[in-house]
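For reference, the chains in residue letters:
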Amino acid sequence: MNALQEDIVQLAREKNALILAHFYQTMDIQDIAHVVGDSFEMARRAQVSEQDLIVVCGVRFMAESAKLLNAQKTVLLPAPDAGCPMADMVTPEDVTALRKKHPHATFMCYVNSSAAVKAQCDICCTSSSAVRIAQNLPGDEIVFLPDQNLGQYVARQVPDKRFIFFSGFCPVHHAVLPIHVQAARQAHPEAKVIVHPECRPDVVDIADFVGSTSELLNYVERDTAKSFIIGTEIGVVERLQHRVPDKEVFLLKSGFVCPNMKKTTLQDIYDALQTEHEAIEIDPNVADGARTTLERMVRCRL
Ligand code: 13P
Ligand code: SF4
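Residues numbered from 1 in each chain as written. Chains lettered and ligands numbered in written order. Predicted model: local features only at pLDDT ≥ 70, side-chain atom pairs only at ≥ 80, totals over all residues. Heavy atoms only, no water.

1. Section: the layout of surface pockets
1) Next: Space inside the largest pocket adds up to approximately 250 Å³.
2) Next: Counting only elements with at least two residues in the lining of the largest pocket, the list comes to α4 (60-69) and α9 (171-174).
3) Next: A total of three residues in the lining of the largest pocket trace back to one element, the largest contributor, which is α9.
4) Next: Tallied by class, the residues present in the lining of the largest pocket amount to 13 nonpolar, eight polar and two charged. (1 Å grid on protein atoms, 1.4 Å probe; cavity = no way out; pocket = protein on both sides within 12 Å on 5 of 7 lines; lining within 4 Å. Points joined across faces, edges and corners; volume = space filled by probe spheres on them. Helix = DSSP H or I, 4+ residues; strand = E, 2+ residues; numbered from the N terminus. Nonpolar A, V, L, I, M, F, W, Y, C, P; charged D, E, K, R; others polar.)

Spelled out as structure tokens, the structure:
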């Protein structure tokens, strides 16, 4: 550990803080986090946290989820401008308009959305919980937003329901095309291709396995293959290089980086702990509705 990492660990102890990090954070941050997880694991860990301070190393919707699920705690986002472009693609007004068009549908929103959008929806999901939640929903019509790709992935696993998709997408995963998969397979013919469900359906179709960040990591650890092409953000590849050094892991395509996830630095985390800034506040007009939507997700997945 370097001096700054040691200072953060010490300060977190003094302040009784819990540091949560997503797998897309840089390794120096993953190394000092108390918990590293996918979106669901981060939300769940925040919900049951007894610490006074929760530091979320990720993007804004993750910090908002932590605050909604454990409102008494102070939740800090060390990089306040770290957003998720996909979350910003859908507005509460979009949901209202869709409700008018589909009055009998259940509205299911990906956790990558604002609190205001969550408040207008019926249930939330993460990539690791979406299929199970959709399978268990009453009714036969689901409006899924904002991610068209995750929506289509879920719809294929739940053929007895009718899905209406919104047009959002993750710019980082949506940029992957089948030609990138073909090129990676040509370069590493022995490797299995595993991708995140935010990838396009034509990419998902030709992958050997599809899963959330956590599920991809577990797959590589448990599978007997020795070599994998990873179709998600580079942070997962870096973690695998540490966790399973005896296996070969290749990034599906160069530049597979989420710029927002990379905004957080160790210095930001230290400063956030020192100053307790930026503490997440949720608009009281939407907090109860958004919390209900998120709590339903957690209950349905546990
Ligand atoms: P996970 O829930 O799989 O970690 O995904 C979060 C995310 O933003 C992927 O782009
Ligand atoms: Fe949002 Fe995509 Fe970055 Fe995930 S990888 S935080 S979906 S922009």
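Now that the structure is up, let's keep going.
2. Some words on the pattern of salt bridges
1) Next: Going through the model one piece at a time under the given rule, you end up with 12 salt bridges.
2) Next: Note that E141 is salt-bridged to R162, the shortest N-O span being 2.3 Å. One end of the pair, E141, is in strand β7 (residues 141-145); the other, R162, is in strand β8 (residues 162-165), and 21 residues separate them in sequence.
3) Next: One salt bridge in this structure joins K192 and D223, with 3.0 Å as the shortest N-O distance. Pair noted here: K192 is in strand β9 (residues 192-195) and D223 is in the loop between α12 (213-222) and β11 (227-231), with a separation of 31 residues, a long-range link.
4) Next: For K192, a relative accessible area of 25% gives the class partly exposed. (Salt bridge = Lys/Arg side-chain N within 4 Å of Asp/Glu carboxyl O. Buried < 20%, exposed > 50% of the residue type's maximum accessible area, 1.4 Å probe, protein only.)

3. Quick look at the environment of R60
1) Next: If you trace the backbone, R60 turns up in helix α4.
2) Next: Measuring from C-alpha to C-alpha, the distance between R60 and A82 comes to 6.0 Å, with 22 residues separating the pair along the chain.
3) Next: Apart from the residues within four sequence positions on either side, R60 is in contact with L77, P80, A82, G83, E278 and I280. (Contact = heavy atoms within 4.5 Å.)

4. Description of the site of ligand 1
1) Next: All residues in the neighbourhood of ligand 1 are listed as H22, Y24, D38, S39, N112, S127, H173, H196, E198, S212 and T213.
2) Next: E198 places a polar side-chain atom, nitrogen or oxygen, 2.8 Å from an oxygen atom of ligand 1.
3) Next: Interatomic distance of 2.6 Å between a side-chain N/O atom of T213 and an oxygen atom of ligand 1.
4) Next: Protein chains bury 96% of the 300 Å² of accessible surface belonging to ligand 1 in isolation.
5) Next: More than half of the atoms of ligand 1 fall within 2 Å of the grid points belonging to the largest pocket.
6) Next: Its residues assigned to classes, the shell around ligand 1 comprises one nonpolar, eight polar and two charged. (Near = heavy atom within 4 Å. Polar contact = N/O pair within 3.5 Å; in protein donor to acceptor, adjacent residues only side chain to side chain. Areas by Shrake-Rupley, 256 points an atom, 1.4 Å probe, with all protein chains shown as cover. Sits in = over half its atoms within 2 Å of the grid points.)

5. Comments concerning the environment of F256
1) Next: Secondary-structure assignment places F256 in the loop between β12 (248-251) and α14 (266-275).
2) Next: Given a relative accessible area of 0%, F256 falls into the buried group.
3) Next: Considering only alpha carbons, one finds F256 and A175, 81 residues apart in sequence, at a separation of 8.8 Å.
4) Next: For F256, the contacting residues outside a window of four places in its chain are V172, H173, V176, G231, T232, E233, I234 and L251.

6. Quick notes on empty space enclosed by the protein
1) Next: Overall, the coordinates contain one cavity of 30 Å³ or more when judged by the stated rule.
2) Next: Approximately 40 Å³ is the volume found for the largest cavity.
3) Next: Lining of the largest cavity is provided by S39, M42, A43, F61, M62, S65 and V111.
4) Next: Breaking the lining of the largest cavity down by element, the ones donating at least two residues are α3 (39-47) and α4.
5) Next: When its residues are assigned to classes, the lining of the largest cavity shows five nonpolar, two polar and no charged.

7. Things to note about the nonpolar core
1) Next: Within the largest apolar cluster, 115 residues are counted, with the highest numbers of intra-cluster contacts made by I19, M108, L145 and L273.
2) Next: Leave out the neighbours within four places in its chain, and L273 touches I8, L11, A12, K15, A17, I19, L53, V55 and L76. (Core = buried A, V, L, I, M, F, W, Y, C linked by side-chain atoms within 4.5 Å.)

8. Focus: the site of ligand 2
1) Next: Around ligand 2 sit Y24, C84, P85, M86, N112, C170, H173, E198, C258 and M261, and that is every residue in its neighbourhood.
2) Next: Under a 2 Å grid-point criterion requiring more than half of the atoms, the pocket assigned to ligand 2 is the largest pocket.
3) Next: Grouping the constituent residues of the shell around ligand 2 by class yields seven nonpolar, two polar and one charged.

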